[in-house]
Structure formats: structure tokens, C-alpha cells
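As a plain string of letters, each chain reads:
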Amino acid sequence: MAESLKDKTAKGIFWGGMSNSLQQLLNLVFGIFLGRLLTPSDYGMVGMLTIFSLIAGSLQESGFTAALANKKEVTHRDYNAVFWFSIMVSGMLYICLFFAAPWIADFYHTPALVPLARYSFLGFFISSFGTAHFAKLFREMKVKQRTIATFTALCISGVTGITLAFLGFSYWGIATQNLCYILITTSFFWYFSKWRPTFSFDFNPIKEMFGFSFKLLVTNIFNHINNNVFSVILGKFYDEKAVGFYNQGNKWNTMGHNLITGMINSVAQPVLAQVKDDQERQLRIFQKMLCFTAFVAFPVMFGLSIISGELITILITDKWLESAEILSILCIGGAFLPITNLYSNLAISKGKSDLYLYNTVAVSVLQLCALLAFYPLGIHTMLYAYVSINILWLLVWHGFVKRTIHYAYFQAFKDIIGYLVGAVVVMMAANYLGNLMDNIYLRIGAKILLAALFYTALMWRSAIAQEMASYLLKNARKN
């Protein structure tokens, strides 16, 4: 049983890593083309609507994916109830937002948002048809199938977005790209899950799961508010160009930390839920996951921070240079987001969705208050406040971990401090040496190469590095 779970976890992380690497690579390629073809204002138009789509998407999903994964036994009746509930809720939400579009446009003082909003909001309605199917794939840890779905969708939707942008459709191209992605992934979820709904409307399973899922729903809404409040404030008090610069910087930051969080999310909650009755074993698994997360997240995100200026200039030209400074600051906070994400997965696996809710609501309210207080001082001041709060809140999160699985503050600090200090020292050295070069291409190449060499040399003998090398070697021999 232990070996089976270990293999399943390793495979899940491998395919999760493969999936997210492919996704971020494609996002990088398509982002380069779109960044060169479109303007900050184009990105800003879509960015101002993002928070509404995400909150509506959370309402139609209502936390049932995690609820189904946490359930000991799941039947057709459960999936069927979630399927019809999601469609009904998303349909009602779309009608409400369709008629609310003029008010949203008035809030931002941008009349052109009315037709764009009504078009963009179709996305969460389409995705509701795949909620139950995705939940089934998630519960069964079918990461490979989800990888194929997202990879195909990214390719087709990316080409669609670039083509429309090239033809002069500006922000309509981005909106169409998003809709295309959702439609294709939903179709693949149907294909891979093999589950089909029936015309029986029994919502008793919804009532049974709602106590758990409702807290996740509220939590997800506040997470979206926390992650997108910048776009709302910048759109209200600045303009769509400022939103565009922020969204471009945040997009690259998200690509970076999603590479790690997506990998961990593929397995963390299902695996931790399977061993929730064995506290000692759960602690060992969580501890190993935390070390792995720190080992990967710190060098990736700090490394992205030191090359932000060169990366933005080379790939999408210096018209986006303002977003490079934003990216550099966001990456510091982004290095810690995968750890926060792992803590939240533990809370969910223990059935503590209320604790996940309280933490997220508290930090979101604190973030909002800080941004409203600091917005007159400029974007950078707001960013530093935002990042600092996110990092410091890890101490609150760990208080829960300490009580739940008896994982002491000092032990956690001891487990990750080597990776944190190592990554900081390596990136500072690579940044200093790289900046000695005047040529921008040589400079970014030197920073990446030196950072990779220094970090590998420094961490080669660590337990995580040795275990990863052993697993890859074992699979190479099998193949």
C-alpha cells in the first residue's frame, strides 16, 4: 500500500510537472507573439473583467471538485447532482452578468466593456458542462489525461488568439482565445472521464457535500479577489494601460509559480486525504512535499526576478518595460505562494475547509485595506505591501499545521531554510556577475547559466535532489 501510494504520488508529480512545463512553455510562446501584436490597453480591457469571470466560475463549481475528492465513496448520483447544479447556477449567473455589463462599464468609465463583457462571460457557462467530469479525473489522479487536454487546448486556442490579433481584432482576440481554451478542455474532460450525465435531478448529494464545499466556495472567491484586486483598483483609480502593464507582469509571475503549484496540486490533496487517519505518515509525506516545493520554488521564482528586465525586453520589446519592474517584485512573493498552496491542500485534506476559509478571508481583507491605503503612493508601494502580507501570513498558516500534524515552526524552518538561503545567495551572485555584461543577450544567458550551475552544485547532495535523480534514473532504466 505504501509503495503503491508512493508510486502514484511520484507519477502524479511527474505528469503534473510535465503538464505545467508544457503549459508554461506554450504560454510563453503565445505570450511573446501576443505581447508584440497587442498593446497594454488591449490587455487591460480583458484584465478588468477577469475578476468577474473568476468569481462566477467559482460559484458554478462551488467547491465540489474538492468535496468529491475528499469523499470516501462517490457514486453516479453524486457526479450527476454536481453536473446539473453547475449548469443551472452558471446559466443564472450569466443572465445576471449579461444585464449588469453596463454597470461594470460605468464603474471603469469604459463603455466598450459592455459587449466585451457579455462575450467573455460565456466562458464560465461553457466550463460548467465539464465540472463533474473534471472532478472525476481529479479524484482518480488522472494527471496524464488532464495534461493532454490542456496541451491540446493551449495549442489551438493560442493559434486562434494570435491569428485574431494579427488580423486586428485586438482585445477580442484574447477573449476568443480564452473561450476556445475552455471549450476544448471541457470536450476533452468528457472524452477522458467516460462518465455521462442522466436526466435525473436529485440534489440530495449537493446538500450532503454543501457544508464542506460552501467554505471552499467562499474561500475561492476571496482568493480570486486577493489575486485580482490590483486590476480592479488600477482600473478604477488609474487606467486600462496601467492594468495592462500589471497584468502582463503578473502573467509571467503566474506562469512561474503555477509551474510548481500545478505540479503539487496534481497529487497533494488526494494523497494527503488518503493518509489523513495516519498522522505520523501524513506528517512525513507533508514534510517531504514541503522540502520539494521549497527546493523548486525558490530558485525558479528568484531566478525569474533577476532576469525580468532582459526577459521582457527581448521577448515582447521595451514597450512593456514597465511591467518588468512589476514582475521583479511579484516574483519575490511568488516564491512563497506554492508553500501557501501546499498548506491549504493539507487543510482541505483534513476536512478543515473552515480554516482555509478564515485564513483566506482574513488575508484578502488585509490586502484590500493595504492597497486602498497605499494606492496614492503608486503601484510599486502597493506591490511591496501586497507581497509582504502574503509572505508574513505563512506564519499564521503554519500555526494550523503545527496544531494538526505537530509540525513545529523550528522544524519547518530547518527543513526549508537551506533552500531559501541557497537560492538567494546563488541569485545574487548570478545577478551581479551577469550585470557585468553590456550585451542584453549575453547578460540574460549568463544569469541563467550561472544560476543553474551554482544552485545545482550547492544542492546536489541534498536529500530531495538525490531522491529526484534516483526516481528519474529508475524510470529511464524501465524505458
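Remember, predicted model here, so these are calculated numbers, not experimental data.

Participant: Account for the pattern of salt bridges, naming residues and giving values.
Facilitator: If charged atoms from side chains of opposite charge come close, those side chains can pair. Counted according to the given criterion, the structure contains two salt bridges. Residue glutamate 310 is joined to arginine 443 by a salt bridge in which the shortest nitrogen-to-oxygen separation is 2.9 Å. Taken together, the positions of glutamate 310 in helix α14 (residues 308–316) and arginine 443 in helix α21 (residues 440–459) put the pair 133 residues apart, joining distant regions of the chain. Each member of the pair glutamate 310 and arginine 443 is classed as buried. Salt bridges here are not isolated pairs; linked through shared partners, they connect Glu310, Arg443 and Lys447.

Participant: Quick rundown of helix α19 (residues 394–405)? Include the residues and the values.
Facilitator: Spanning twelve residues, α19 covers 16 Å between terminal C-alpha atoms, matching the ideal 16 Å at 1.5 Å per step. Of the residues flanking the end of α19, it is histidine 406, one or two places downstream, whose phi is positive at about 55°.

Participant: Which residues make up the packing of aromatic side chains, and what are the values?
Facilitator: The final tally for this structure, using the stated rule, is 25 aromatic pairs. Judged by centre distance (6.0 Å) and plane angle (65°), the ring pair of phenylalanine 83 and tryptophan 195 falls under edge-to-face. Of this pair, phenylalanine 83 sits in helix α4 (residues 76–108) while tryptophan 195 sits in the loop between α9 (171–193) and α10 (204–237), and the two are 112 residues apart along the sequence. The buried category is assigned to phenylalanine 83, whose relative accessible area is 3%. Each ring, one from tyrosine 119 and one from tryptophan 172, has its centre 5.5 Å from the other, and the planes form 55°; the classification is tilted. Placement of the pair is tyrosine 119 in helix α5 (residues 113–120) and tryptophan 172 in helix α9, with a sequence separation of 53 residues.

Cut-offs applied
Residues numbered from 1 in each chain as written. Predicted model: local features only at pLDDT ≥ 70, side-chain atom pairs only at ≥ 80, totals over all residues. Heavy atoms only, no water. Salt bridge = Lys/Arg side-chain N within 4 Å of Asp/Glu carboxyl O. Helix = DSSP H or I, 4+ residues; strand = E, 2+ residues; numbered from the N terminus. Buried < 20%, exposed > 50% of the residue type's maximum accessible area, 1.4 Å probe, protein only. Expected span 1.5 Å × (residues − 1). Phe/Tyr/Trp six-rings, centres within 6.5 Å; stacked < 30°, edge-to-face > 60°.

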